[in-house]
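Examining the three-dimensional arrangement
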Amino acid sequence: MSDSTTARRGYHHGDLRARLVHEGLELLAEAGVSGFSVAKVAARAHVSSAAPYRHFPDRESLLAACATVVVGRLADRMAEAADAAGDDPVERLAATAGAYARYVAEGRVGMELLFAPGFHEPRFRDLHEGTRKFFDTLLPLVVAASGSDEFAGAMDLLEAHVSLAHGYATVLIQGSYPTAGRRPEDLTAPATEAARNLITGERLRHAAPPAAL
């Protein structure tokens with residue numbers, strides 16, 4: 001009996017749904033969201049093109065299941081990085097940028113997947129809950145590090161912080177900068193340092209006295 005035959009039988013009688021999500025994540029890492037399809041995931045899992053539809057009614061459902069895993073892992077990675085950084089609020093938040101950039105560089109997906117068109121529908125409840133966990137993890141760190149008593153200031157820092165972290169990963173993935181030989185883990189330190197500078201600048205801005213008239 002061939003390995004592929006064993007695999008096909010195992011997936012049918014085992015947890016095919018989990019296998020499809022696993023293969024979907026692998027496909028996303030290789031081809032990104034634009035290259036994602038149910039047929040490609042099925043081929044990778046060694047099942048028929050119709051088999052995934054027993055668990056996922058359409059492409060968006062399978063993609064949302066993958067996105068739910070991504071957002072959960074991102075939240076966990078950032079929480080772990082913050083805890084490892086110690087007690088200083090600036091260092092705790094800065095560390096999440098390094099963790100985010102490394103994860104996205106490894107898996108080639110991040111925030112853009114969480115807000116893909118159509119995911120606002122109520123049927124994607126698991127993804128919505130995962131996204132809420134992501135922000136519940138990040139927002140208290142932003143508030144603590146912002147140095148601002150205004151919620152709007154914290155939200156501005158949150159947007160800038162995630163954009164910075166995502167940008168570091170994106171330029172490595174797309175080859176926009178001369179990054180030959182750089183690995184995803186090489187992003188951790190520079191992304192953390194850039195975030196530290198951003199946060200420190202925001203704290204100084206909010207702490208500065210108003211300009212004299």
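Refer to the preceding data block for the structure.
This section reports on the structure supplied with the text. (Residues numbered from 1 in each chain as written. Predicted model: local features only at pLDDT ≥ 70, side-chain atom pairs only at ≥ 80, totals over all residues. Heavy atoms only, no water.)

1. Some words on the overall build of the protein chain
- Looking only at helices and strands, the protein chain has 9 helices and 0 strands in total.
- Element order for the protein chain, N to C, with α for helix and β for strand: α-α-α-α-α-α-α-α-α.
- Scored against the burial criterion, the 213 residues of the protein chain give a buried share of 42%.
- Here the protein chain has roughly 11200 Å² of accessible surface; of this, 54% comes from carbon and sulfur atoms. (Helix = DSSP H or I, 4+ residues; strand = E, 2+ residues; numbered from the N terminus. Buried < 20%, exposed > 50% of the residue type's maximum accessible area, 1.4 Å probe, protein only. Areas by Shrake-Rupley, 256 points an atom, 1.4 Å probe, with all protein chains shown as cover.)

2. A short note on the pattern of salt bridges
- The tally for this structure, following the rule as stated, stands at 11 salt bridges.
- Ionic pairing is found between arginine 77 and glutamate 106, a salt bridge with its closest N-O pair at 3.1 Å. One end of the pair, arginine 77, is in helix α4 (residues 59-84); the other, glutamate 106, is in helix α5 (residues 89-107), with 29 residues separating them in the sequence.
- Two residues, glutamate 193 and arginine 196, come together in a salt bridge whose shortest N-O distance is 2.2 Å. (Salt bridge = Lys/Arg side-chain N within 4 Å of Asp/Glu carboxyl O.)

3. Observations regarding helix α7 (residues 125-146)
- Under the 1.5 Å per step criterion, the end-to-end length of α7 is 31 Å for 22 residues, consistent within 8% with the ideal 32 Å.
- Of all the residues in α7, the buried ones are Leu127, Gly130, Thr131, Phe134, Thr137, Leu138, Leu141, Val142, Ala145 and Ser146.
- Downstream of α7 by one or two residues, glycine 147 has phi in the positive range, about 75°. (Expected span 1.5 Å × (residues − 1).)

4. Concerning the packing of α4 against α5
- It is at 8 Å that the axes of α4 and α5 come closest, and there the two elements cross at 140°. Between α4 and α5, the crossing angle belongs to the class labelled oblique. Like other packed secondary-structure pairs, α4 and α5 cross with a definite hand, here right-handed. Taken together, the residues of α5 that come into contact with α4 (itself represented by Val70, Arg73, Leu74, Arg77, Met78, Ala81, Ala82 and Asp83) are Arg92, Ala95, Thr96, Ala99, Tyr100, Tyr103, Val104 and Glu106. (Axes fitted to C-alpha atoms, helices over the stretch in contact; angles between N-to-C directions. Parallel < 35°, antiparallel > 145°, perpendicular 65-115°, else oblique. Left-handed = near helix turned anticlockwise from the far one by under 90°. Contact = heavy atoms within 4.5 Å.)

5. Digging into the side chain of threonine 96
- Residue position: threonine 96 is located in helix α5.
- We classify threonine 96 as buried; its relative accessible area is 1%.
- A polar side-chain atom of threonine 96 sits 2.8 Å from a polar atom in the side chain of histidine 161.
- Sequence-distant contacts of threonine 96, defined by excluding residues within four places in its chain, comprise Met78, Ala81, Ala82, Leu138, Leu141 and His161. (Polar contact = N/O pair within 3.5 Å; in protein donor to acceptor, adjacent residues only side chain to side chain.)

6. A few points about the packing of aromatic side chains
- Counting across every chain of the model gives 2 aromatic pairs.
- Ring centres of phenylalanine 134 and phenylalanine 135 lie 5.1 Å apart, and the angle between their planes is 90°; this geometry places the pair in the edge-to-face category. (Phe/Tyr/Trp six-rings, centres within 6.5 Å; stacked < 30°, edge-to-face > 60°.)

7. Some thoughts on α4
- Taking 1.5 Å of rise per residue, 26 residues should cover 38 Å, and α4 covers 38 Å from first to last C-alpha, within 8% of that figure.
- After α4 finishes, the residue glycine 86 shows a positive phi value of roughly 100°.

8. Describing the packing of helix α2 (residues 16-31) against α4
- Packing of α2 against α4 brings their axes to within 9 Å, and their N-to-C directions diverge by 75°. By the angle between their directions, the pair α2 and α4 is classed as roughly perpendicular. Packed against α2, whose contacting residues are Arg17, Leu20, Val21, Gly24, Leu25 and Leu28, the element α4 presents Leu62, Leu63, Ala65, Cys66, Val69, Val70 and Arg73 at the interface.

9. Quick word on unusual backbone geometry
- Phi at histidine 46 takes a positive value of approximately 60°, unusual for a residue other than glycine.
- Among the structural elements, histidine 46 can be located in the loop between α3 (38-44) and α4.
- With a relative accessible area of 36%, histidine 46 lands in the partly exposed category.
- The residue arginine 108 is not glycine, and still its phi comes out positive at about 65°.
- As for its placement among the helices and strands, arginine 108 is situated in the loop between α5 and α6 (111-114).
- Arginine 108 sits in the partly exposed class, given a relative accessible area of 32%.

10. A look at the environment of alanine 144
- Along the polypeptide, alanine 144 turns up in helix α7.
- On the basis of relative accessibility, which here comes to 45%, the residue alanine 144 falls in the partly exposed class.
- A sequence separation of 56 residues divides alanine 144 from aspartate 88, and the C-alpha atoms of the two residues are 9.3 Å apart.
- Discounting chain neighbours no more than four positions away, the residues touching alanine 144 are Pro89 and Arg203.

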